[in-house]
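Here are the chains, one letter per residue:
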Amino acid sequence: MTKPTLDVDAVQAFVSIAEFRSFTKAADALGTTQGAISVRLKRLEDRLGQKLIERTPRHVRLSAQGATFVNGAREFLAAHDRALALLDAERRHFRLGIASHIAGPETPTLLARLHERDPALSIEVRLDNSHTLLDAFDNGDLEAVIVGQEDDRRDGEDLGPEHFGWFAAPSFEWRTGEPLRLAALMPCCQVRNTAIQALDRNEIAWNEVFVGGGYAVMAAVSAGLAIGALACRLAPADTIEVGARFSLPALPASRITLHSTLTDSRSRDALRTIAAAYREHGSVRPSGIR
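Here the structure is a predicted model, which is why all the values come from computation and not from measurement.

## Here we look at the overall build of the protein chain
When you go through the protein chain residue by residue, the secondary structure sums to nine helices and twelve strands. Long-range contacts, defined here as pairs at least 24 residues apart, represent 76% of the contacts in the protein chain between residues at least 6 apart. In the structure as shown, the protein chain presents an accessible area of about 14,800 Å², 52% of it carried by carbon and sulfur atoms.

Shown next as structure tokens:
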């Protein structure tokens, strides 16, 4: 019996659906349409004679056969990309800036996946405040930046919403009559400024007891030193949203924006993967956030 041969585009479509649990997000990541993704998946399933994806109006999940096949499919794609990379000895390099209040714990995993898919593509990542990154982008020191829309009014590629809340350790206490203890990013951070303006409008006294970088602020909040205005997707797992508990003002949602001068296909493919990851993490409004 002749074994079926695998089509790279079809396998790539299947793996993307498996990773995102969504035909729409998979299509977005691959820069194509939902219809095209469905056609590629059906082509693969027909060729293998197996149902790989189970789809209902509310859920997209792997079938038993799909769960068995998915790791081998990833290895197949990685081997394919490595083989092509060997034919192209030219190493590509681009410099990416990500705003400190946007870069999350998923960033290292995402960069590792990009390297696995294209070992000859080198990405230099710089974390800083949005204004500094945008100045570097304008000066040609960065080829792409991911920033908050509130920090830049120019048109860019919309990567989706960013929701914010007031987070603290479960043991955090705010005694009546005392200023609210805040942990915040540097004064140039728009998230910090928005939070402080909201407190001032509502005549809530506050005192910054900790100022630092993104991970340092999250550590201070986790330790119970203060409360922090954080993006919901970045809030430490050991903290809770306490806006309603302390009657704090709701924080407005923002948008994440990508600016890029990159034109070569390999770099653009990498950016599409990054963009899809941010869209995935910011697509759902967290429960309990007003």
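Further notes follow.
## What to know about the environment of L6
Among the secondary structure elements, L6 is positioned in the segment before helix 1 (8-20). The sequence separation of L6 and L48 amounts to 42 residues, and the corresponding C-alpha distance is 8.6 Å. Ignoring anything within four residues of it in the chain, the contact list for L6 reads V11, L44, R47, L48, F69 and F76.

## Points about the sheet that holds strand 7 (residues 164-168)
Read from one edge of the open sheet, three strands run 10-7-11, paired in antiparallel fashion. Of all strands in the sheet, those bounded by a partner on one side alone are strand 10 (228-231) and strand 11 (240-241). In this sheet, strand 11 lies alongside strand 7 in antiparallel orientation, the contact comprising two bridges. Bridge pairing in strand 11 places A168 opposite I240.

## What to know about the pattern of salt bridges
Under the definition given, this model contains eleven salt bridges. A salt bridge links R43 to D7, with the nearest nitrogen and oxygen atoms 3.3 Å apart. With R43 in helix 3 (residues 34-48) and D7 in the segment before helix 1, this pair connects stretches of sequence that are 36 residues apart. Under the relative-accessibility criterion, R43 is labelled partly exposed at 32%.

## Looking at the sheet that holds strand 5 (residues 144-148)
Ordered in space as 4-3-5-12-6, the five strands form an open sheet in which the pairing is mixed. Across the chains shown, the open sheet's two edge strands, defined by having one partner strand only, are strand 4 (121-128) and strand 6 (157-162). Neighbour to neighbour, the strand axes of the sheet diverge by 20° on average, direction disregarded. Of the pairings in the sheet, the one linking strand 6 to strand 12 (residues 254-260) comprises five bridges and is antiparallel in character. When the bridges of strand 12 are listed, E162 appears paired with S254. The strands touched by helix 6 (residues 130-138) are strand 3 (92-99), strand 4, strand 5 and strand 12; relative to strand 5, the strand with the most contacts, the crossing angle is about 150°.

## Some words on the packing of aromatic side chains
Ring pairs (aromatic) are described by centroid distance and by the angle formed between their planes. This structure, assessed with the given rule, holds three aromatic pairs. When the ring of F14 is compared with that of F69, the centres are 5.5 Å apart and the planes differ by 35°; the resulting orientation is tilted. Of this pair, F14 sits in helix 1 while F69 sits in helix 4 (residues 64-87), placing them 55 residues apart in sequence. The residues F14 and F69 share a single accessibility class, namely buried. Ring centres 5.8 Å apart and planes at 80° place the aromatic pair W174 and F246 in the edge-to-face group.

## Focus on the nonpolar core
With 32 residues, the main nonpolar core has W166, L180, L182, L199, I227, L248 and L251 as its most contacted residues. Only strand 7, strand 8 (180-184), helix 7 (190-201), helix 8 (214-222) and strand 10 provide two or more residues apiece to this core. Broken down by element, this core gets its largest block of residues, five residues, from helix 7. One finds I98, A103, V147 and L159 within the second-largest nonpolar core, a separate group that totals 28 residues.

## Examining the confidence of the model for the protein chain
The predicted model of the protein chain averages 84 in pLDDT, with 90% of residues at 70 or higher. Taken element by element, the predicted model of the protein chain shows its lowest mean pLDDT in helix 5 (residues 107-117) (72) and its highest in strand 11 (95).

## Here's the deal with the environment of G224
Topologically, G224 is positioned in the loop between helix 8 and strand 10. Along the primary structure G224 and F172 are separated by 52 residues, whereas in three dimensions their C-alpha atoms are 5.4 Å apart. Excluding residues within four positions of it along the chain, G224 makes contact with A169, F172 and R181.

## A look at the packing of helix 1 against helix 2 (residues 23-30)
Describing two packed helices takes the angle between their axes plus the distance from one axis to the other. Contact geometry of helix 1 with helix 2 gives a least axis separation of 8 Å together with a crossing angle of 125°. The angle between helix 1 and helix 2 places the two elements in the oblique class. Helix 2 is crossed by helix 1, and the crossing has right-handed handedness. Between helix 1, through Q12, A13, S16, I17 and F20, and helix 2, the contact on the second element is made entirely by F23, K25, A26, A29 and L30. Class assignment for the residues of the contact of helix 1 with helix 2 results in seven nonpolar, two polar and one charged.

## Comments concerning a nonpolar patch on the surface
Together, V125, L127 and Y215 give the surface a local cluster of nonpolar side chains, amounting to about 280 Å² of exposed area. Judged by relative accessible area, which is 31%, V125 ranks as partly exposed.

Thresholds applied
Residues numbered from 1 in each chain as written. Predicted model: local features only at pLDDT ≥ 70, side-chain atom pairs only at ≥ 80, totals over all residues. Heavy atoms only, no water. Helix = DSSP H or I, 4+ residues; strand = E, 2+ residues; numbered from the N terminus. Contact = heavy atoms within 4.5 Å. Areas by Shrake-Rupley, 256 points an atom, 1.4 Å probe, with all protein chains shown as cover. Pairing = 2+ DSSP bridges. Salt bridge = Lys/Arg side-chain N within 4 Å of Asp/Glu carboxyl O. Buried < 20%, exposed > 50% of the residue type's maximum accessible area, 1.4 Å probe, protein only. Axes fitted to C-alpha atoms, helices over the stretch in contact; angles between N-to-C directions. Phe/Tyr/Trp six-rings, centres within 6.5 Å; stacked < 30°, edge-to-face > 60°. Core = buried A, V, L, I, M, F, W, Y, C linked by side-chain atoms within 4.5 Å. pLDDT = per-residue confidence, 0-100. Parallel < 35°, antiparallel > 145°, perpendicular 65-115°, else oblique. Left-handed = near helix turned anticlockwise from the far one by under 90°. Nonpolar A, V, L, I, M, F, W, Y, C, P; charged D, E, K, R; others polar. Patch = residues over 30% accessible without salt bridge, like charges linked within 9 Å, V, L, I, M, F, W, Y side chains within 5 Å.

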